[in-house]
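The lines below spell out each chain.
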Amino acid sequence: LWRGLNGVRSSDSFVMQGGTEFGVLSTTRSVEVALTYSLGHGDAAADEAMILKLRTDSFLQRGASLGFLSAFPAEDEWCYPPLTFLMPTGLRHKICAPSGTCF
């Protein structure tokens, strides 16, 4: 699952210790959708946008699929409850949007 964030930077404390999302955590199975959200309206610099890849080991760790009731079913949205804790693995991937912006 993927999450695109706009207007944020990863802090050193998040990279080392992880962090908690205080609101509903929205993710998607589509990296293209996550890229769209991370780039916002095209005004975000690459250093102020972030893509998170969530790795889960079983269906018990995945959020709830909202595709069946979504106004945008192509986004294939999966949500996690507030206070979901995210722990970085330290792995980094290079992902490039069709516009040429790379993360």
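Keep in mind it's a predicted model, so treat the numbers as computed, not measured.

About the cut-offs
Residues numbered from 1 in each chain as written. Predicted model: local features only at pLDDT ≥ 70, side-chain atom pairs only at ≥ 80, totals over all residues. Heavy atoms only, no water. Helix = DSSP H or I, 4+ residues; strand = E, 2+ residues; numbered from the N terminus. Buried < 20%, exposed > 50% of the residue type's maximum accessible area, 1.4 Å probe, protein only. Contact = heavy atoms within 4.5 Å. Core = buried A, V, L, I, M, F, W, Y, C linked by side-chain atoms within 4.5 Å.

With that settled, the discussion passes to the environment of Glu48. Along the chain, Glu48 falls in the loop between helix H2 (31-39) and strand E4 (49-53). Looking at Glu48, the relative accessible area reads 32%, which means it is partly exposed. Remark: the alpha-carbon pair of Glu48 and Val8, spanning 40 residues in sequence, is separated by 4.9 Å. Beyond its immediate chain neighbours, meaning those up to four positions away, Glu48 contacts Leu5, Asn6, Gly7, Val8 and Arg9.

For Phe14, the location among the structural elements is in helix H1 (residues 12-17). Residues Phe14 and Leu86, 72 residues apart in the sequence, show an inter-C-alpha distance of 8.7 Å. If we skip the residues at most four places from it in the chain, Phe14 touches Gly19, Leu86 and Pro88.

Time to look at the nonpolar core. Of all hydrophobic cores here, the largest spans ten residues; its members are Leu1, Leu5, Phe14, Leu25, Met50, Leu52, Leu54, Trp78, Tyr80 and Leu86. Going through the elements one at a time, E4 and strand E6 (77-80) are the ones with two or more residues in this core. Residues Leu35, Ile51, Ile95 and Ala97 belong to the second largest nonpolar core, which totals eight residues.

Quick look at H2 now. By the burial criterion, the buried members of H2 are Val31, Val33, Ala34, Leu35, Ser38 and Leu39. Where H2 is buried, its residues contact strand E1 (2-6), strand E3 (25-28) and E4. Once H2 finishes, Gly40 follows within two positions and takes phi at roughly 60°, a positive value.

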